[in-house]
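# Observations on chain architecture
Here are the chains, one letter per residue:
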Amino acid sequence: MLDAGSVWDKSVAVLKQRLDPQIFAAWIKPLSLEKVSLTRSTEIRRDIQSPRRTEAELVAPNKFCRDHVERHYGNLISSALTDVTGSDDLVVKFKVGADLVSNLGSPRISSAPKRQSRSYRVLENNSNLNEKYNFSNFVVGKCNQLARAVSQQVAESPGTRYNPLFLYGGVGLGKTHLINAIGNACRRRGKSVLLVSSELFVNELIAALRTNKMEKFKNKFRSLDVLMIDDIQFLVGKERTQEEFFHTFNDLYHRRKQIVITSDKLPQELTGLEERLRTRFASGLNADLQVPDFETRVAILLKKAEGADIVLPDEVARLLAEKIDTNVRELEGALNRLQALSALHNSPLSLDLASTVLDTFLPNSYREVTPELIQRTVSERYNVSVKDLLGKRRTQNIAFARHVAMFICRNLTSCSYPEIGALFGGRDHSTVIHAYRVIKERSDGDENLAQDIADLTRKIETGK
Ligand code: ADP
Ligand code: MG
């Protein structure tokens, strides 16, 4: 018997990686896995291994949530559950857990009437591909023309041209989408395909080393027609993995198997990656993904809306595309939030609703949080000059403001302790660690300080 709690915890972790954070919070978090059971078909003779069917029952808090989740994330959830349970044949039922009666105080009804549950089935897929990403739902603009064209060619004849294909670009610009589109197309041609994140590659390698299963590890990767690694930048600094990857790469490459890599930087810029790997990556074709222009952003929104059955008026799409010019993921997040809100209020997705939502939810939240911005905001709040914040003076109020600013830097930026030290007048990293601990401990026990930090954080992030 499988433990529903732990199966669901693991599936949730997988889903969190595959979904936009807002969507995850809005739609996946409220779900629970009520039951998961393994059955063997009885009609099949006992001496033959019969297929293992897994039945899972997912419970949503209400009908609206159940329908939405089932329609939009049913496949994704099924594939996460399939990955976690290792089942050959998985059937998921979506149910409504609590209805009006239980809201009125009666005992919680744990399973809804039969007619409210529907079944979902997924095909076996151990290539880690996300089936929702295809070429047909990838919108082409100037920003991604080349990347899209060469991806298509690679998908049509893997291993023949453009090997390795190296796609690079900032976050949320479609790298993962394109790499999956290539994989899905290759898979439809009967190729054996595997998509791994750098993280997964590292984890599998460590597991193989620990359990003396290196042969198996090697064979798994080397038996592929197409190997795809998403976000290779995370291999930086992991020497043992790089070495293993180098051998895998060479082996596949020499046998004319296709390799596709995505990264947030060009190969030349991946410092911390072995020179010989960088040279290999640079030897294939590099294609970049840029931020889409206004027209492409509108087209992407309309495409997303169409795919999700959302009625999105043109003027609303234009408003969103105008306000959000950072990346496609943000754009999509805003669309989903709007849609959830309009469904909740049972009102159409109007320009009015969109502008209120944009005002309240996305003020300037897309401005970049820099250490300088943090220093400026904190110094204003505590009436201390930025010069003093970075200087040598240690009077109580200055030291306090400095500690708070360091603490917030650590929370809101990706700076390391030594980097923060350097940004605050060349201080040692141990000073920053100390400052962080002091503020953390104090704010845990002091509500005023905790509120102060929350206010500062909001101000820094949103400008309000
Ligand atoms: P990255 O891997 O570069 O961070 P993703 O591929 O995850 O970005 O893209 C983020 C979201 O934006 C995905 O939902 C993806 O489908 C969407 N997206 C990005 N570019 C496009 C595009 N050109 N057309 C349609 N959707 C896109
Ligand atoms: Mg990605």
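Please read all numbers here as calculations on a predicted model, not as lab measurements. (Residues numbered from 1 in each chain as written. Chains lettered and ligands numbered in written order. Predicted model: local features only at pLDDT ≥ 70, side-chain atom pairs only at ≥ 80, totals over all residues. Heavy atoms only, no water.)

### Digging into the site of ligand 1
Defined as follows: Here a residue is considered near a molecule or strand provided that any single heavy atom belonging to it is located within 4 Å of it. Surface accessibility follows the Shrake-Rupley procedure with a 1.4 Å probe radius. Residue values consider only the protein chains on display as shielding. By definition, any uninterrupted DSSP run of H or I lasting at least four residues is a helix, any uninterrupted run of E lasting at least two residues is a strand, and each is numbered from the N terminus. Polarity classes work like this: nonpolar for Ala, Val, Leu, Ile, Met, Phe, Trp, Tyr, Cys and Pro, charged for Asp, Glu, Lys and Arg, and polar for all others, with Gly in that last group.
Surrounding ligand 1, one finds 18 residues, the nearest of these being Gly 172, Thr 176, His 177, Lys 304 and Glu 332. Calculation on ligand 1 without its partners gives an accessible area of 560 Å², and the protein chains cover 95% of this total. Among the secondary structure elements, those contributing two or more residues to the shell around ligand 1 are helix 6 (175–188), helix 11 (294–307) and helix 13 (328–344). Across the shell around ligand 1, the residue classes tally to seven nonpolar, seven polar and four charged.

### A word on the side chain of Ser 443
As a reminder, the rule being used: In the analysis that follows, any N or O atom pair within 3.5 Å is treated as a polar contact, provided that within protein one partner can donate a hydrogen and the other can accept it, and provided that, for residues neighboring in sequence, both atoms belong to side chains. Residue contacts are defined here by distance: any two heavy atoms, one from each residue, within 4.5 Å place the two residues in contact.
With respect to the element layout, Ser 443 can be found in helix 19 (residues 429–445). A distance of 3.1 Å separates a polar atom in the side chain of Ser 443 from the backbone oxygen of Lys 440. The residues contacting Ser 443, other than those within four sequence positions of it, are Leu 449, Ala 450 and Ile 453.

### Notes on the confidence of the model for the chain
In plain terms, the rule: Confidence of the predictor at the level of single residues is captured by pLDDT, which takes values from 0 to 100.
A residue-level look at the chain finds 88% of positions with pLDDT of 70 or above and a mean pLDDT of 85. Confidence over residues 41–50 falls short of pLDDT 50; this stretch has six contacts with residues more than four positions distant or in other chains. Low pLDDT, under 50, characterises residues 99–124; the predicted model gives this stretch 50 contacts beyond four residues in sequence or across chains.

### A word on the packing of aromatic side chains
Stated formally: Under the pairing criterion, centres of Phe, Tyr and Trp rings, with the six-membered ring standing for Trp, must be within 6.5 Å; the plane angle then separates stacked pairs below 30 degrees from edge-to-face pairs above 60, leaving the rest tilted. Buried residues are those whose accessible area, probed at 1.4 Å on protein chains only, stays under 20% of the maximum for their type, while exposed residues exceed 50% and partly exposed ones sit between those limits.
Taken as a whole and assessed by the stated rule, the structure comprises 13 aromatic pairs. Judged by centre distance (5.9 Å) and plane angle (15°), the rings of Phe 249 and Tyr 253 are stacked. Placement of the pair is Phe 249 and Tyr 253 together in helix 9 (residues 239–254), with a separation of four residues, close to one helical turn. Residue Tyr 253 is classed as partly exposed on the basis of its relative accessible area, which comes to 32%. Ring geometry for Tyr 382 and Phe 400: centres 5.3 Å apart, planes at 75°, overall edge-to-face.

### Describing the packing of helix 19 against helix 20 (residues 447–462)
For clarity, the threshold we go by: To define axes, lines are fitted to C-alpha atoms, for helices over the stretch in contact only, and angles between the resulting N-to-C directions are given on a 0 to 180 degree scale. What makes a crossing left-handed is the near helix being turned counterclockwise from the far one by less than a right angle; a clockwise turn instead makes it right-handed.
In the contact formed by helix 19 and helix 20, the axes pass within 5 Å of each other and the chain directions differ by 115°. The chirality of how helix 19 crosses helix 20 is left-handed. Note on element contacts: helix 20 touches helix 19 through Glu 447, Leu 449, Ala 450 and Ile 453, opposite Ile 439, Arg 442, Ser 443 and Gly 445.

### Details of helix 6
Along an α-helix, residues three or four positions apart point the same way, because every turn accommodates 3.6 residues. As a reminder of what qualifies: Given the number of residues in a helix, its expected span is that number minus one, multiplied by 1.5 Å.
Spanning 14 residues, helix 6 covers 20 Å between terminal C-alpha atoms, matching the ideal 20 Å at 1.5 Å per step. The buried fraction of helix 6 is high, at 11 of 14 residues. One or two steps after helix 6, the chain reaches Gly 190, where phi turns positive at roughly 85°.

### Brief notes about the sheet that holds strand 5 (residues 165–169)
Either a parallel or an antiparallel arrangement is found when strands of a sheet pair, and the pairing is made through backbone hydrogen bonds. Note the threshold: Being paired, for any two strands, means DSSP has found at least two bridges between them.
Taken in spatial order, the five strands of this open sheet run 6-7-8-5-9, and their pairing is parallel. The two strands at the open ends of the sheet, each matched to only one other strand, are strand 6 (193–197) and strand 9 (285–289). On average, each strand axis in the sheet is tilted by 15° relative to the strand beside it, whichever way the strands run. Sheet analysis places strand 6 next to strand 7 (residues 226–230), joined by five bridges and oriented parallel. Bridging across to strand 7, Val 196 finds its partner in Ile 229. Contacts from helix 6 reach strand 5, strand 6, strand 7, strand 8 (258–263) and strand 9, with the element oriented near 165° to strand 7. Each of strand 6 and strand 7 touches helix 7 (residues 198–210); the most contacted strand, strand 6, lies at about 95° to it.

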